[in-house]
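Notes for the structure review
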Amino acid sequence: MFLVGLISWWYGRGWVGQWRRVAHRFALTLEFFSVGQLLSTLFSPFRQISANGGSDGSIGSELRAFIDQLISRIIGAFVRFFTILFGIVVIILQAVYETVIMVAWWFLPLLPVAGFIMLAIGWVPTWM
Amino acid sequence: MGTDMDVKLFNYHSRRAQLARFGRILSPWIFGLELTTALLLVFGIFLVVVQMPLGWALIGLAAVPAMIVQWYKYELREVPVDDKNRSIDARLDAEMLALLSPQPSPKEIALALMKVNGGLFFEVRFGIGGSFLKEVSSENSDDTASIFEEALKIADSLDGKVSPGVLIVAMVRQVPMRETLLGHLQLSDEDLMRGVKWYHYISNLIATKSSKPKQPGGIGRDWSFGWIPNLSRFGVNIAQSGTMARGEIRTDTLMQLVSNIEAGGTIALVGRDGVGKTELVYELAEKLMSPSAAVPKSLWYQQVFMLDASRILAAAGQRGGLEALVSNLLGEAFAAKNIIVCFDNAELFFEEGVGAVDLTSLLLPVIEARRLRIIMTMDEQRFLRISKRTPALTGAMARIVVQPTDESDTLKVLEDHLPMIEHRRKVTFMYQALKEAYRLSQRYVYDVAMPGQAITLLEQAAEYPEEGGLVSARSVNTAIEKTTGVKTANASDKDERETLLNLESLIHKRMIGQERAVSVVSNALRRARSGVRNQNRPVGTFLFLGPTGVGKTELAKSLAAVYFGGENNIIRLDMNEFVSSDDVARLIADGADDPSSLTAQVMKQPFSVVLLDELEKAHSSVLTTLLQLLDEGILRDVRNREVSFRDTVVIATSNAGADRIQEYIQRGYSLQQFEEQFVNELISSHIFHPEFLNRFDEMVVFAPLQKNELLQVVDLILADVNKNLASQKITISVTQDGKELLVERGYDPRLGARPMRRMVQRTVENMVATLLLERGSMPGATIEITKEHLEEVLGKKQQADDIAAGL
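Rules of the game
- Residues numbered from 1 in each chain as written.
- Chains lettered and ligands numbered in written order.
- Predicted model: local features only at pLDDT ≥ 70, side-chain atom pairs only at ≥ 80, totals over all residues.
- Heavy atoms only, no water.
- Helix = DSSP H or I, 4+ residues; strand = E, 2+ residues; numbered from the N terminus.
- Rg over C-alpha atoms; globule rule 2.2 N^0.38 Å.
- Buried < 20%, exposed > 50% of the residue type's maximum accessible area, 1.4 Å probe, protein only.
- Areas by Shrake-Rupley, 256 points an atom, 1.4 Å probe, with all protein chains shown as cover.
- Lys, Arg positive; Asp, Glu negative; His and termini not counted.
- Charge placed at Lys NZ, Arg CZ, Asp CG, Glu CD.
- Arc of directions from axis to C-beta.
- Contact = heavy atoms within 4.5 Å.
- Buried area = accessible area lost by both parts, 1.4 Å probe.
- Salt bridge = Lys/Arg side-chain N within 4 Å of Asp/Glu carboxyl O.
- Expected span 1.5 Å × (residues − 1).
- Phe/Tyr/Trp six-rings, centres within 6.5 Å; stacked < 30°, edge-to-face > 60°.
- pLDDT = per-residue confidence, 0-100.
- Pairing = 2+ DSSP bridges.
- Axes fitted to C-alpha atoms, helices over the stretch in contact; angles between N-to-C directions.
- Patch = residues over 30% accessible without salt bridge, like charges linked within 9 Å, V, L, I, M, F, W, Y side chains within 5 Å.
- Polar contact = N/O pair within 3.5 Å; in protein donor to acceptor, adjacent residues only side chain to side chain.
- Core = buried A, V, L, I, M, F, W, Y, C linked by side-chain atoms within 4.5 Å.

**Some remarks on the overall build of chain A**
Of the regular secondary structure elements, chain A holds five helices and zero strands. In sequence order, chain A lays out its α and β elements as α-α-α-α-α. Its C-alpha atoms give chain A a radius of gyration of 27 Å, more than 25% over the compact-globule value 14 Å for 128 residues. Based on the C-alpha atoms only, the size of chain A along its principal axes is roughly 85 × 45 × 15 Å. Looking at chain A as a whole, 32% of its 128 residues qualify as buried. Accessible surface for chain A amounts to roughly 8100 Å². Of this, 78% is attributable to carbon and sulfur atoms. A gap of 18 Å separates the mean positions of the 8 positive and 5 negative side-chain charges of chain A.

Encoded structure:
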């Protein structure tokens, strides 16, 4: 009963549960990097750095405010772009990892048999 | 019927029951299995690396414990309830399921309850659990079906899960004397059901807590919003600290707050202290950080910053500096675009005073402009004061009134706060303590509203835990008794019971006669302390009628001394000082302005005798004010606070009709013969309004003292004199004829026994003083005073009259 229970869970509810956990982990990663939001605000000023600067209406102060805005937007775009890039890399790596896990899940119950077959064959990798 | 029979029968071999048992068996081995997996892998890889094929077998074998661990973690540890199946083994808590035999008896269930978390929760919090139930449960497994049937019925009314709590409630309902049992534990069926919900809430909270994201909204959430160095320094982002509240209380007010915030501008959260205004802002902050469909998208991830008034005031230095700083903070919040500024206790920013500063001129334009989202929490009285002074300010705010919570919501708030208090105080609270805290704080904790009232008392009760750090209802009673002196629990102490049973004789040690008056007062107190009185009225309200010097005031004093812990526990008001309607204000004045007002004294000393002397002299407005006191045991002071008189004995004395009493006595009537008629005459005379007189529990007529009673009064006075002389080690005694002479000369029909004390003290003490001066110190001596001795002093009638009159 124990073994039957284990195997039936492994390929039934266990497999579905594993999918759910993978999906949840993906959702957390996606939310953490919030790529969509970063893209939509790619050129927004970073932390509103320029917002506190008042303008007295003169050409000089207007120009200073414009340059502040520009710098803020450039910094924002730079930070967001690299965060998006880093996020995409992390998401891809996670996707690979999760795929390996999901595939391995199917083959894990076969591993003892495979181990004994390998023992019977007697093959081991040679390093030299 | 067939289906019902099926569901309540326990199927030991059901798949879920088997899984639960596997989980229980595996539980202690999980760490070992994880270790085995790791060791097999490490050794296996090592052997493969050193060219030994055995390593493959070890690596392959590592999969077995690894799979078992996975199975345990994701299924066996918390075997989920099967919602589609209504059988008991599909709904029963997995921990319990694992412990049951194929045919469990009620006793076996009770024993299992002692081993599972839910059972222990009830054992500790409610004082009812497996250890008690096993004593009253049968060992017949046929009785189990009815318990399971009841449990399923309860579970259907909740979330469908038969938790240990549900089983306990079901088992209690099967106990034949359940009402007695619950009464003994100060619980009801409803309380147990509340306990089940409480436990389910905690279980769900633990289950869902770990799945929440650490940074809701993502890493880049705030990058588009402003840099807020000053706000971070002088305020707190309250969403980060979170709240213990479960979000089920005042959901309407919270949604009203959300909708007003969306509209923009300033919101004033107005309510009494302790009502939960700040808590509501915390709930809002949390709601915005984990947004649902109910929250408008424009408010998602908006951050609520609570400004720290003391830090701002301390940092600002001079006045101009303060305005510049606040202006800077508001500017920062506006520029950031994702900040809601919260001024907690906002009245501090609109009034001059210690720790407060008036920034109306700075804040008014900001509030009127409605461009920045601001929440201000304010005490309702202060809000009205500010409103009166600067109507434009409050007019520009959207006002949301936060009402005090009722009993059910207060208990939920207390349940939510318990983990924090318990962690801080290192104690565990019983549910009964929460209920008692609600009940008693209503009456004895002033200046804050619910639920703050109950939390205050609960914090105090944590100082008086019982054995094992358990805070029970008794701890709450003790906290009240220590802080206010009120005896809140029913009389259980043996000494107190003795005092109550012998109250009449104890009072008669201090005063003579007036048996009926002593008896009615004693009976009222016994009723109160045995718990059979009306809790929403004073312990007793009595009107003592009779001429001067018959013991009316003395009885009040005796009662205070014998039962209320000393003569000091008497609050005495001479009503001849309350002869105009303006004097009502003095009666209910705030303690800070007039500590001698009736409300202030009772607030400070709620367990006392309130003596209203010479009531007939009080103005009718004063008497009208006292009506509510006599009727409901409460009086509202000038600050509109309810002051409880429900632990006082209210005694009013009056000389009204004294002449009529003398007349009856002189005509040879006994008190019993004329008392009723006299009271009727008093009502007809309109000295007091009938509705006022009706408010008293009893009206007691005091008859003038008889000669034999006066002789006993002399004995009491002599005992007092001897007490004074005890330091000189001298005792005096007066012969019987001497006492009679003292009575004859000291008694005045108009003044009653009052001149007697003066007469005895003056004559006897004068004689002793003369003797001491003549013969020197005489320690251990007993001086006998005879009639002759007294006649020498009181010989002349005029001299005796002078002494009696105090000349």
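**Structural notes on the overall build of chain B**
Broken down by element type, chain B carries 41 helices and 17 strands. Against the globule reference of 28 Å for 807 residues, chain B gives a C-alpha radius of gyration of 37 Å, more extended than a compact globule. By principal-axis analysis of the C-alpha atoms, chain B measures approximately 130 × 80 × 60 Å. Here chain B, with 807 residues, has 53% of them falling under the buried criterion.

**Considering helix α34 (residues 658-666) of chain B**
Residues and elements named next belong to chain B. All of the buried residues in α34 are A658, I661, Q662 and Y664. The arc that holds every buried residue of α34, seen down its axis, measures 160°, which confines them to one face. Residues D659 and Q666 are exposed on α34 and point more than 90 degrees away from its buried face. Among the structural elements, β9 (540-545), α35 (671-685) and β15 (698-701) are those in contact with the buried residues of α34. Two residues or fewer past α34, G668 is found with a positive phi of approximately 90°.

**Re the interface of chain B and chain A**
Every contact between the two is made by 43 residues of chain B and, on the other side, 43 residues of chain A. When chain B packs against chain A, the two sides together hide about 3700 Å² of surface, and 69% of this comes from carbon and sulfur. It is W56, M67 and W223 of chain B in chain B that bury the most area against chain A; as a group they hold 20% of the surface buried on that side. Counting across the interface, chain B meets chain A through one salt bridge. In this structure, E75 of chain B engages R13 of chain A in a salt bridge whose closest nitrogen and oxygen atoms are separated by 2.7 Å.

**Focus: helix α16 (residues 251-263) of chain B**
All names here are of chain B. Taking 1.5 Å as the rise per residue, α16 with 13 residues should run 18 Å; its terminal C-alpha atoms sit 18 Å apart, in good agreement. Close packing links the buried residues of α16 with β2 (266-270), α17 (277-289), β4 (339-343), β5 (374-378) and β6 (397-401). At the exit of α16 stands G264, carrying a positive phi of roughly 90°.

**Some thoughts on the packing of aromatic side chains**
Applying the stated criterion across every chain yields a total of 29 aromatic pairs over all chains. Judged by centre distance (6.1 Å) and plane angle (15°), the rings of W123 of chain A and W56 of chain B are stacked. Placement of W123 of chain A in the segment after α5 (111-121) and of W56 of chain B in helix α4 (residues 54-76) is noted, with the two residues assigned to different chains. Overall, the relative accessible area of 47% leaves W123 of chain A in the partly exposed class. On the accessibility criterion, W56 of chain B (19% relative accessible area) is buried. With 5.2 Å between their ring centres and 80° between their planes, F121 of chain B and W198 of chain B make a pair best called edge-to-face.

**Let's talk about unusual backbone geometry**
Following M450 of chain B, the chain continues into P451 of chain B via a peptide bond in cis, with omega recorded as 5°. For P451 of chain B, the position within the fold is in the loop between α24 (431-444) and α25 (452-461). With a phi angle near 35°, S34 of chain A is a residue other than glycine that sits in the positive phi range. The residue S34 of chain A is located in the loop between α2 (13-33) and α3 (35-40) in this model.

**Considering the confidence of the model for chain B**
Residue and element names in this part refer to chain B. When the pLDDT values of chain B are averaged, the result is 85; 95% of them are 70 or greater. Helix α3 (residues 30-49) holds the highest mean pLDDT among the elements of chain B, 96, whereas helix α1 (residues 2-8) holds the lowest, 54. A low-confidence stretch, residues 1-5 stays under pLDDT 50, and its non-local contacts, those more than four residues away or across chains, total zero contacts. Scored as a complex, the prediction yields pTM 0.77 and ipTM 0.86.

**Quick word on the sheet that holds β5 of chain B**
Residue and element names in this part refer to chain B. Strand order across the open sheet formed by six strands is β1-β3-β4-β5-β2-β6, with mixed pairing between neighbours. Unpaired on one side and paired on the other, β1 (235-237) and β6 mark the two borders of the sheet. Adjacent strand axes in the sheet meet at a mean angle of 25°, parallel and antiparallel pairs treated alike. As paired strands, β2 and β6 are joined by five bridges and run parallel to one another.

**Digging into a negative patch on the surface**
Residue and element names in this part refer to chain B. Among the surface-exposed residues, D737, E740, E744, E788, E791 and E792 lie close enough to one another that they form a single negatively charged patch. Going through the elements one at a time, α38 (736-746) and α40 (787-794) are the ones with two or more residues in the negative patch. Tracing the chain through its elements places E792 in helix α40.

**Some points on the environment of L3 of chain A**
Residue and element names in this part refer to chain A. By secondary structure assignment, the location of L3 is in helix α1 (residues 2-11). On the accessibility criterion, L3 (59% relative accessible area) is exposed. C-alpha of L3 to C-alpha of I92: the two residues are 89 residues apart in sequence and 36 Å apart in space.

**Quick word on the side chain of Q18 of chain A**
Residue and element names in this part refer to chain A. If you trace the backbone, Q18 turns up in helix α2. Judged by its relative accessible area of 5%, Q18 is buried. Separated by 2.8 Å, the side chains of Q18 and R21 make a polar contact. Dropping the residues within four chain positions of it, Q18 is found in contact with R25, I101, M102 and W105.

**Re the nonpolar core**
All names here are of chain B. L167 and F429 are the most contacted members of the largest nonpolar core, which has 121 residues in total. Ignoring sequence-local partners within four residues, the contact set of L167 consists of L92, M96, I109, L113, I147, F148, A151 and V162. Of all hydrophobic cores here, the second largest spans 43 residues; its members include L545, F578, L615 and L626.

**Some remarks on the pattern of salt bridges**
Residue and element names in this part refer to chain B. For the structure on display, the rule yields 40 salt bridges over all chains. Here D358 and R389 are joined by a salt bridge, their closest N and O atoms 3.7 Å apart. Linking D358 in the loop between β4 and α20 (360-369) with R389 in helix α21 (residues 380-389), this pair joins segments that are 31 residues apart in sequence. Residue R389 is classed as partly exposed on the basis of its relative accessible area of 44%. Its salt-bridge partner being R474, residue E466 comes within 3.4 Å of it at the nearest N-O pair. Each of D447, D590, D637, R639 and R641 takes part in salt bridges that share partners, so that together they form one network.

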